[in-house]
Amino acid sequence: MAVKPKRKPAAEAPTQKLPSFVINKTAGSLIRVQFSEYKGKQYLDFRSFYHDRESGTYKPTPKGCGVPIEMSKKFLLRLKKLIAAGEELGLPLEEQAEE
């Protein structure tokens with residue numbers, strides 16, 4: 001019988017809390033935008049979460065993407081251009097984003 005190797009303990013959380021925000025999608029799901037780290041590289045992470053009824057907490061889904069932190073400003077500029085193009089096409093974008 002093969003013995004499973006033990007997992008490495010999770011790295012300690014940083015002492016400084018990094019900024020993040022949440023966008024509510026539906027009653028049981030949301031999108032969390034936050035800074036994250038994976039394999040030693042930092043990302044601006046967009047992740048979909050679902051509400052787990054058993055635990056009462058939100059848990060991540062595989063749906064999402066991570067933008068390398070050094071590309072985050074370029075990503076934002078292009079996203080703004082994309083939104084402006086969508087507005088010109090008359091797409092149903094929010095009138096005023098919530099803070």
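One can find the structure itself at the top, above this paragraph.
Keep in mind that this is a model prediction, so the values were computed, not measured.

Engineer: What exactly am I supposed to notice about a nonpolar patch on the surface here?
Structural biologist: Taken together, Phe75, Leu76, Leu79, Leu82, Ile83, Leu89, Leu91 and Leu93 make up a surface patch of nonpolar side chains, about 730 Å² in accessible area. Assignment of secondary structure puts phenylalanine 75 in helix α1 (residues 72–88). Under the relative-accessibility criterion, phenylalanine 75 is labelled partly exposed at 31%.

Engineer: Explanation requested: the sheet that holds strand β1 (residues 20–26) in the structure shown.
Structural biologist: Within a sheet, adjacent strands bond to each other through the backbone by hydrogen bonds, running parallel or antiparallel. The strand order β1-β2-β3-β4 describes an open sheet built from four strands, whose pairing is antiparallel. Pairing within the sheet leaves two strands with one partner each, and these edge strands are β1 and β4 (57–68). Each neighbouring strand pair of the sheet contributes to a mean axis angle of 30°, computed without reference to strand direction. Note that strand β3 (residues 41–52) and β4 share nine bridges and pair antiparallel. Directly across from tyrosine 50, in β4, lies its bridge partner lysine 59.

Engineer: I would appreciate a short explanation of α1 in the present structure.
Structural biologist: Residues separated by three or four positions in an α-helix point in the same direction, a consequence of the helix having 3.6 residues per turn. For α1, with 17 residues, the first-to-last C-alpha span of 24 Å sits near the 24 Å given by 1.5 Å per residue. Backbone geometry just downstream of α1 places glycine 90 in the positive-phi region, at approximately 80°.

About the thresholds
- Along every chain, residues carry numbers that run from 1 in the direction the sequence is written.
- In view of the model being predicted, local features appear only for residues whose pLDDT reaches at least 70, and side-chain atom pairs are presented and counted only at 80 or more, with totals across whole chains, interfaces and linings using the full set of residues.
- Hydrogens and water are ignored here; the side-chain numbers use all heavy atoms of the structure.
- Each patch is assembled from residues with relative accessible area greater than 30% and no salt bridge, linking like charges that lie within 9 Å and nonpolar side chains (Val, Leu, Ile, Met, Phe, Trp, Tyr) that lie within 5 Å.
- Areas reported as accessible are Shrake-Rupley estimates using a 1.4 Å probe. Residue values count occlusion only from the protein chains shown.
- We define a salt bridge as a contact between a side-chain nitrogen of Lys or Arg and a carboxyl oxygen of Asp or Glu at a distance within 4 Å.
- Each helix is a run of H or I in the DSSP string that is no shorter than four residues. Each strand is a run of E no shorter than two, and both are numbered from the N terminus.
- In this scheme, a residue with accessible area under 20% of its type's maximum is buried, one over 50% is exposed, and one in between is partly exposed, where area comes from a 1.4 Å probe on protein chains only.
- Strand pairing is assigned whenever DSSP identifies at least 2 bridges connecting the two strands.
- Structural elements are reduced to axes, namely lines fitted to C-alpha atoms, with helices fitted over the stretch in contact, and the angle between N-to-C directions of any two is expressed from 0 to 180 degrees.
- In a helix, the anticipated span is given by 1.5 Å times the number of residues less one.

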